[in-house]
Amino acid sequence: QVHLVESGGGLVQAGGSLRLSCAASGRPFSTYAMGWFRQNPGKEREFVAAITNSGSRTAYADSVKGRFTIFRDDAKDTGYLQMYSLKPEDTAVYYCAAALSDIGLENGGTYNNWGQGTQVTVSS
């Protein structure tokens, strides 16, 4: 198992930027693919972005393509989600997750390790 802790959320105006971090402990982070998901109360969890354990492939939801970038620093056991040009509809609790498989990374069911989430609020 790997323990994940997100940070970097907060309140930002529309058009602003934030960088979320996901610090991992336990098993080596390089073993895992990583994903970011988001959720609002009463709504389903939504895929945001994912990166394979090697970092060679990434995937993004259409709603964030060109605005968000996922990357990782395995030397620091940390993954990141850089968010630019934020919109009010990006407001949500953001969760990072880790998976031992590189298949189906857009599906939350692929992941068996989740962080506690960090709130991102974008004001208009």
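In the block above lies the structure referred to throughout.
All values derive from a computational prediction rather than experimental measurement.

Here's the deal with the state of the cysteines
Taken as a whole and assessed by the stated rule, the structure comprises one disulfide. Between the sulfur of Cys22 and that of Cys96 lies a disulfide, 2.0 Å long from S to S. On the sign convention where negative is left-handed, the bridge of Cys22 and Cys96, at about 60 degrees about the S-S bond, is right-handed. Taken together, the residues span a long stretch of sequence, with Cys22 in strand E3 (residues 18-26) and Cys96 in strand E9 (residues 92-99) at a distance of 74 residues.

As for the environment of Leu105
Among the secondary structure elements, Leu105 is positioned in the loop between E9 and strand E10 (113-114). Overall, Leu105 belongs to the buried group, its relative accessible area being 9%. Every residue in contact with Leu105, bar those within four places of it in the chain, is listed here: Ala33, Phe37, Phe47, Ala50, Ile51, Thr52, Ala99, Thr110 and Tyr111.

Looking at the pattern of salt bridges
On inspection of all chains with the given rule, the structure shows five salt bridges. Three or more residues are tied together by salt bridges with common partners; here these are Arg38, Glu46, Arg67 and Asp90.

About the thresholds
Residues numbered from 1 in each chain as written. Predicted model: local features only at pLDDT ≥ 70, side-chain atom pairs only at ≥ 80, totals over all residues. Heavy atoms only, no water. Disulfide = S-S within 2.5 Å. Helix = DSSP H or I, 4+ residues; strand = E, 2+ residues; numbered from the N terminus. Buried < 20%, exposed > 50% of the residue type's maximum accessible area, 1.4 Å probe, protein only. Contact = heavy atoms within 4.5 Å. Salt bridge = Lys/Arg side-chain N within 4 Å of Asp/Glu carboxyl O.

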